[in-house]
Amino acid sequence: MQSIAWVKTLKLRMAHGFNGNVAKEALPQVIASDVLNTLNPAAPVPALQILSYANSGLRWEQTRNFNLGINYEIFKGISGSIDYYIKKSTDILATNQIDATRGATSALINEASIRNSGFEVSLQADWISRRRFNWNTGLVFAHNKSKVLEVYNADLTASSGSWQYISGSYSNYLKGYEVGALFNYRYAGLDNTGYPLIYDSEGKIKPLFTNDAKILDVSYAGSSIPVFNLGLSNRVDIGNFYVYCMVNYFGNFKVRVPVPNASEKRPLKGAGNYWKQPGDEEIPGILPNPTTSGGQQHYFHIARSDKYTVNGAYLTIGDVTAAYSFRGSSWLRRAGINNMELKVQASNLYTVGFNSYNYSLATGSYAKPYMTPTYTAAIAINF
Amino acid sequence: MNKSPIIILLCVLLFTSCDKYLDVQPKGKRLLETVADYDAWLNNVNSIANAIPNELNLLQDNVDVPNITTPPTSVNDWVYIWRRQYADETTTPPVIWKDFYETIYYFNTVLEGIDEATGGTQQQKQMLKAEALLGRAFSYLYLVNLYGKIYNAGTAKEDLAVPFVTSNDLNTPTPARNTVQEIYDHIIADVTEALPHLPQDNSKNRFRGSVAAAYSVLARTYLYMGDYKNAAKYAQLALDNGPNEVLDYAAMPSAAGIKELITRPGTIYARLLKTTYTQYMPTLDYLRSFNVKDLRLAYHYVYLGDYTFTKRGETYHLGIGVAYSGAYPNCGTSVEEMRLILAECAARDNDLPKAINELDILRKARFKPDDYEKFESADQEEVLQKVLAERNFEFAFNGMRWFDMRRLDADGRMPEVNRYDGQGNVIASLPPHSPKYTLQIPIQVLYFNPDWPQNPWAD
């Protein structure tokens, strides 16, 4: 190793660990919660109802960690680490189906398991270090993949209709998928009454909800949780003056964009572009007929289609700071002041979503496709 | 260090305010520790008061679903056509089965924990224990009559019913299916054990146990077993130890006189359907079998038209009562039921004057005095049929008819029942002595208990 001059240090780390966690939501005894029995409305009486079933077989939630890492120091002033990890959590206390003869159809038991794996790279670099001039960079890059190995999902069973997969957070924990799994209809435009069409699993077009094929009528889009995370900061010091900038990037996940809807109180731009008469279905991007029965619902459902589910990656310039310190100047000393710093800071300066809507989780809406920047000017005086 | 007085002060402030808050209205979660906790536990509404699954009403002969889909796709429709299983896969909750075992869980929790409870006297503990024994027995009476064959002294020791679960610990394995005889033995033993410790009066809350409630449950138990001598004995004991006046519709100015079940006169042991506001459509045959002057028709059904009942799906049984007064049917026991048990047992014993007298006590409370005609007959079968018909009028959509159908079927008195689609085509049949009178063990339960034998079935 000594022959490689540019490598200052290289440390290899390996760790294998084991964590236990006792959950408090379930106990060997019944946990009850207070309710009021109002069967006699004139004279309500206190009552209790079950919150958690007695279970003497509760176990610790276990997490096994495997971690392989390198700490490095290369050239002059460049250091950091690279880590790879696998984290497998088993016996996680989760709601599971149980034999209804025991008194409930589902209860909190130790049965769910989730695997997380990923790597993290961090880098700290002092590119230039002079007495009056400094430039350093900090970089953190993280990648995490999750997979639900075992869970009982009462909301999604083999008989669940396709619409249940796109409803609320039902698919957040589904066996075999990533945490935060998103499902989509395959949008196929409108028919000649303005009713939404979808592709079935064989690519044939059919009206939404016709001969519902359950999970086959939706496709897996990916996770709603970013897989990549990147943070980059730079700071340049020139004498008593410095500039600092922080950039964040989140990538490899899906996000749903709102569908403009003319029947909303404050419709989004483009809401008027909906189906009004036969033939309109040929217009690209035309929205469904909002006046059909349940028209609202169709907007809800096409919002959960591949047309309105987009790459969620986005980048924000989160923080830019410029500051000047009067430390050490003679007039400060004469005034009896230890230090005085002038600082100008801007937050949420710029956000860009890497999809055609420029839509990002950070802004949460494309009614306003940016976050409101905040600017701060400060004078800090230390006596 | 100089911060600590402030922190202590803050803590004191927080704790005092919390104490005061708790004095006013206890909220949140807790363990069952005191006798008072177990008492409040037995006041539970969702699992104890609202205990009887609505699906029982869909099994019965006098319910109609004219808008049923072809093929039927909902659980309710599957129950209505006496489908073999009410689910196609093992991950959905097993209707009916789950509801009774949920109630049983509540009572088992009392039986498992009450001895260690603090505060309260030994007598109070024994009373709560007795109430739990009674409540659990009542739930098993339903289960044994749903998943086991009707009681037959000759075969009851072999006929399989349901497992008798006594533990509330999820970690305890589910026991195997007990026989019909064993479940009945448990019911009778538990109610008998409970009797000396039950309170005399439950008039403040009829959902809670009482001596009369225990006797009334025994009366229903022996009736379902076909032991009419004991059924009559315990029906009389129930009336002697508790309320014995039937709820008098004739004395009420309107349907609004039928009040909430918890304190309703005539109620001995109260139970409600799981979902009380469900509306049921009666069959036209059933509606036409009423005397049009019968106040039960006027007080519980809407859209009666001119009382000719010619169009299916027009007339509804309104759970809450036509006056929206909370007139929900009682699935538990009542003075009316005890009177009808006495009448039936007397009729079967050929004591016709007694049977007719008991019928008279109930029926004259169901008609305005000017409309009332006393039933008279010297024919034993006619009197018995009248009693059975009266049960059908009185216990409308309270989950009891299915059990009468089973009894009548065992008696050879139950004709074939058919279900019809909107066009009047027969879509399902329940012929006499059909194995469908004993429900299948739900596949969702067999999934966890694969060794259990299934009940016989024939389509």
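Just so you know, the residues in each chain are numbered from 1, in the order the chain's sequence is written. Whichever chain is written first is A, and whichever ligand is written first is 1; the rest continue in order. Note on the predicted model: pLDDT of at least 70 is required for a residue's local features to be given, and 80 or more for side-chain atom pairs to be given and counted; whole-chain, interface and lining totals, by contrast, use all residues. Computation of side-chain values: all heavy atoms of the structure, hydrogens and water removed.

A.B. asks: So what about the overall build of chain A? Which residues, and what values?
C.D. replies: Counting from the N terminus, the helices are the DSSP runs of H or I reaching at least four residues and the strands are the DSSP runs of E reaching at least two. Counting its secondary structure elements, chain A contains 3 helices and 19 strands. Our radius of gyration looks at C-alpha atoms and nothing else; its globule reference is 2.2 Å times the residue count to the power 0.38. Its C-alpha radius of gyration of 28 Å places chain A more than 25% over the 21 Å reference for a compact globule of 383 residues. Taken over 383 residues, chain A has a buried fraction of 40%. Contacts: residue pairs with any heavy atoms within 4.5 Å of one another. Within chain A, contacts between residues at least 6 apart in sequence are counted, and of these 63% link residues at least 24 apart. Burial classes follow relative accessibility: with a 1.4 Å probe on protein chains only, a residue under 20% of its type's maximum area counts as buried, one over 50% as exposed, and anything between as partly exposed.

A.B. asks: Requested: an account of the overall build of chain B, with residues and values cited.
C.D. replies: Counting its regular elements, chain B contains 17 helices and 11 strands. Here the C-alpha atoms of chain B give a radius of gyration of 24 Å, agreeing with the 23 Å that 2.2 N^0.38 yields for 459 residues. Seen through its principal axes, chain B has C-alpha atoms that stretch 95 × 55 × 45 Å. Put simply, chain B has 459 residues, and 58% of those count as buried. Here the contacts in chain B between residues at least 6 apart in sequence split such that 70% fall between residues at least 24 apart. For chain B, the accessible surface area stands at approximately 19,200 Å², while carbon and sulfur atoms represent 54% of it. Under the convention used here, Asp and Glu are negative, Lys and Arg are positive, and both His and the chain ends fall outside the count. For the purpose of locating charges, the reference atoms are NZ of Lys, CZ of Arg, CG of Asp and CD of Glu. Each charge class in chain B can be summarised by its mean position, and for the 45 positive and 57 negative side chains these summaries are 3 Å apart. In these tables, accessible area is a Shrake-Rupley quantity obtained with a 1.4 Å probe, and a residue counts as shielded only by the protein chains included in the view.

A.B. asks: Now, about a nonpolar patch on the surface: what can you tell me, with residues and values included?
C.D. replies: All names here are of chain A. A cluster of nonpolar side chains, namely Trp-127, Phe-133, Trp-135, Ile-238, Phe-241, Val-243, Tyr-324, Leu-342, Ile-379, Ile-381 and Phe-383, defines an oily patch on the protein surface of about 1,000 Å² accessible area. Of all the secondary structure elements, the ones that give two or more residues to the nonpolar patch are β7 (133-150), β14 (241-251) and β19 (374-382). Within the element layout of this structure, Phe-383 appears in the segment after β19. Like-charged residues within 9 Å of one another, or nonpolar side chains (Val, Leu, Ile, Met, Phe, Trp, Tyr) within 5 Å, are grouped into patches, provided each residue has over 30% relative accessible area and no salt bridge. When a carboxyl oxygen of Asp or Glu lies within 4 Å of a side-chain nitrogen of Lys or Arg, that pair is called a salt bridge.

A.B. asks: Got a sec to walk through the layout of surface pockets? Specific residues and values, please.
C.D. replies: There is about 720 Å³ of room inside the largest pocket. Points on a 1 Å grid over protein atoms alone make up a cavity when a 1.4 Å probe fits among them but cannot get out, and a pocket when they form an open set with protein on both sides within 12 Å along at least five of seven lines; lining residues each have an atom within 4 Å of a point. Considering the residues around the largest pocket, the lining is formed by 26 residues, among which Asp61(B), Asn62(B), Thr283(B), Asp285(B) and Tyr286(B) are closest to the centre. Elements supplying a minimum of two residues to the lining of the largest pocket: β3 (63-64), α11 (284-289), α15 (380-394), α16 (401-411) and β10 (417-420) of chain B. If you tally residues by element for the lining of the largest pocket, the top one is α15(B), at 5 residues. Gly is put with the polar residues, along with every residue not named as nonpolar or charged; the nonpolar set is Ala, Val, Leu, Ile, Met, Phe, Trp, Tyr, Cys and Pro, and the charged set is Asp, Glu, Lys and Arg. Among the residues making up the lining of the largest pocket, the classes are represented as 12 nonpolar, 6 polar and 8 charged. Size it by volume and the second largest pocket reaches roughly 530 Å³. Elements with a contribution of two residues or more to the lining of the second largest pocket: α1 (162-165) of chain A together with α5 (75-80) of chain B. Residue classes in the lining of the second largest pocket are distributed as 10 nonpolar, 11 polar and 6 charged. Grid points are joined across faces, edges and corners, and a volume is the space filled by probe spheres set on the points.

A.B. asks: How would you summarise the sheet that holds strand β10 (residues 196-199) of chain A if you had to cite specific residues and measurements?
C.D. replies: Residues and elements named next belong to chain A. Pairing is antiparallel in the open sheet, where 3 strands are placed in the order β9-β10-β11. One side of each edge strand has no neighbouring strand; the edge strands of this open sheet are β9 (187-190) and β11 (205-207). This sheet shows a mean twist of 35° between the axes of neighbouring strands, independent of strand direction. Any two strands with at least two DSSP-identified bridges between them are counted as paired. Judged from the 3 bridges that link them, β10 and β11 form a sheet pairing that is antiparallel. Looking across to β11, one finds that Tyr-199 is bridged to Ile-205. Interaxial angle, 0 to 180 degrees, is taken between N-to-C directions of lines fitted to C-alpha atoms, where a helix line uses only the stretch in contact.

A.B. asks: Residues and numbers for the sheet that holds β7(A), please.
C.D. replies: Residue and element names in this part refer to chain A. On the basis of which strands lie adjacent, the open sheet formed by 10 strands has the order β1-β4-β5-β6-β7-β13-β14-β17-β18-β19 and antiparallel pairing. If you trace the sheet from one side to the other, it starts and ends with β1 (7-21) and β19, each paired once. The mean inter-strand angle of the sheet, taken between neighbouring strand axes irrespective of direction, is 10°. As judged from the 18 bridges shared by strand β5 (residues 78-97) and strand β6 (residues 106-129), these two strands associate in the antiparallel manner. Note on β6: the bridge partner recorded for Ser-79 is Gln-124.

A.B. asks: How would you summarise the side chain of His300(B) if you had to cite specific residues and measurements?
C.D. replies: Residue and element names in this part refer to chain B. Following the sequence through the fold, His-300 ends up in helix α12 (residues 295-300). According to the relative accessible area criterion, His-300 is buried, its value standing at 10%. By the criterion applied in these results, polar contacts are pairs of N or O atoms within 3.5 Å in which, for protein atoms, one can donate a hydrogen and the other can accept it, and in which residues neighboring in sequence qualify only through two side-chain atoms. There is a polar contact of 2.8 Å between the side chain of His-300 and the side chain of Tyr-249. Non-local contacts of His-300, meaning those with residues more than four positions away in its chain, are made with Tyr-249, Ile-258, Tyr-316, His-317, Leu-318, Val-322 and Ala-327.

A.B. asks: Describe the pairing of β5(A), naming the residues involved and giving the relevant values.
C.D. replies: Residues and elements named next belong to chain A. As judged from the 13 bridges shared by strand β4 (residues 61-74) and β5, these two strands associate in the antiparallel manner. If you follow Asn-71 over to β5, its bridge partner there is Ser-81. Adjacent in sequence and paired antiparallel, β4 and β5 are bridged by 3 residues, among which Phe-75 carries a positive phi angle near 45°.

A.B. asks: Requested: an account of the pattern of salt bridges, with residues and values cited.
C.D. replies: All names here are of chain B. A complete count under the given rule lists 40 salt bridges over all chains for this structure. The shortest N-O distance in the salt bridge between Arg-413 and Glu-381 comes to 2.5 Å. Taken together, the residues Arg-413 in the loop between α16 and β10 and Glu-381 in helix α15 connect sequence positions 32 residues apart. The class for Arg-413 is partly exposed, based on a relative accessible area of 26%. Shared partners join several salt bridges into a network, and the residues in it are Asp-294, Arg-296, Glu-336, Arg-363, Arg-366, Lys-386, Glu-390 and Glu-394.

A.B. asks: Give me the lowdown on a positive patch on the surface, citing residues and values where you can.
C.D. replies: Residues and elements named next belong to chain A. Together, Arg-64, Lys-88, Arg-115 and Lys-147 give the surface a local cluster of positive charge. Here Arg-64 lies in strand β4. Judged by its relative accessible area of 45%, Arg-64 falls in the partly exposed class.

A.B. asks: Explain the nonpolar core to me, using residue names and the numbers behind them.
C.D. replies: Residues and elements named next belong to chain B. Ranked by size, the top nonpolar core spans 145 residues in total, and within it Tyr-140, Leu-146 and Trp-402 carry the most contacts. The element best represented in this core is helix α7 (residues 122-147), accounting for 14 residues. Residues within four places of Trp-402 in sequence aside, it is in contact with Leu-56, Leu-59, Gln-60, Trp-82, Leu-146, Leu-430, Lys-436, Tyr-437 and Leu-439. Residue types Ala, Val, Leu, Ile, Met, Phe, Trp, Tyr and Cys, when buried and joined through side-chain atoms within 4.5 Å, form a set referred to as a nonpolar core.

A.B. asks: Any chance you could break down the packing of aromatic side chains for me, citing the residues and the numbers?
C.D. replies: Paired rings are identified among Phe, Tyr and Trp, the last through its six-membered ring, by centres lying within 6.5 Å, and are further divided according to the angle between planes into stacked (under 30 degrees), edge-to-face (over 60) and tilted (the rest). Inspection of the entire model under this criterion finds 42 aromatic pairs over all chains. Residues Tyr140(B) and Phe164(B) carry aromatic rings whose centres are separated by 4.5 Å and whose planes lie at 35° to one another, so their mutual orientation is tilted. With Tyr140(B) in helix α7 and Phe164(B) in the loop between α7 and α8 (180-194), the pair connects residues that are 24 residues apart, well separated along the chain. On the accessibility criterion, Tyr140(B) (0% relative accessible area) is buried. With relative accessibility at 10%, the residue Phe164(B) sits in the buried group. For the ring pair Tyr286(B) and Phe397(B), a centre distance of 6.5 Å and an interplane angle of 90° mean the geometry is edge-to-face. With Tyr286(B) in helix α11 and Phe397(B) in the loop between α15 and α16, this residue pair connects regions lying 111 residues apart in the sequence. What makes Phe397(B) buried here is its relative accessible area of 1%. Among the aromatic residues, ring-to-ring pairing joins Trp97(B), Tyr101(B), Tyr140(B), Tyr147(B), Phe164(B) and Trp452(B) into one connected group. Look at NZ for Lys and CZ for Arg. If either is within 6 Å of the ring centre and within 35 degrees of the ring normal, a charge sits over the ring. Sitting above the plane of the Phe300(A) ring, Arg304(A) keeps its charged end 3.9 Å from the centroid. Here Arg366(B) stacks its cationic end above the ring of Tyr249(B), 4.0 Å away from the centre of that ring.

A.B. asks: Describe the environment of Leu247(B), listing the residues and the values that go with them.
C.D. replies: Among the structural elements, Leu247(B) can be located in the loop between α10 (228-241) and β4 (267-269). Sequence separation between Leu247(B) and His300(B) is 53 residues, and the spatial gap between their C-alpha atoms is 14 Å.

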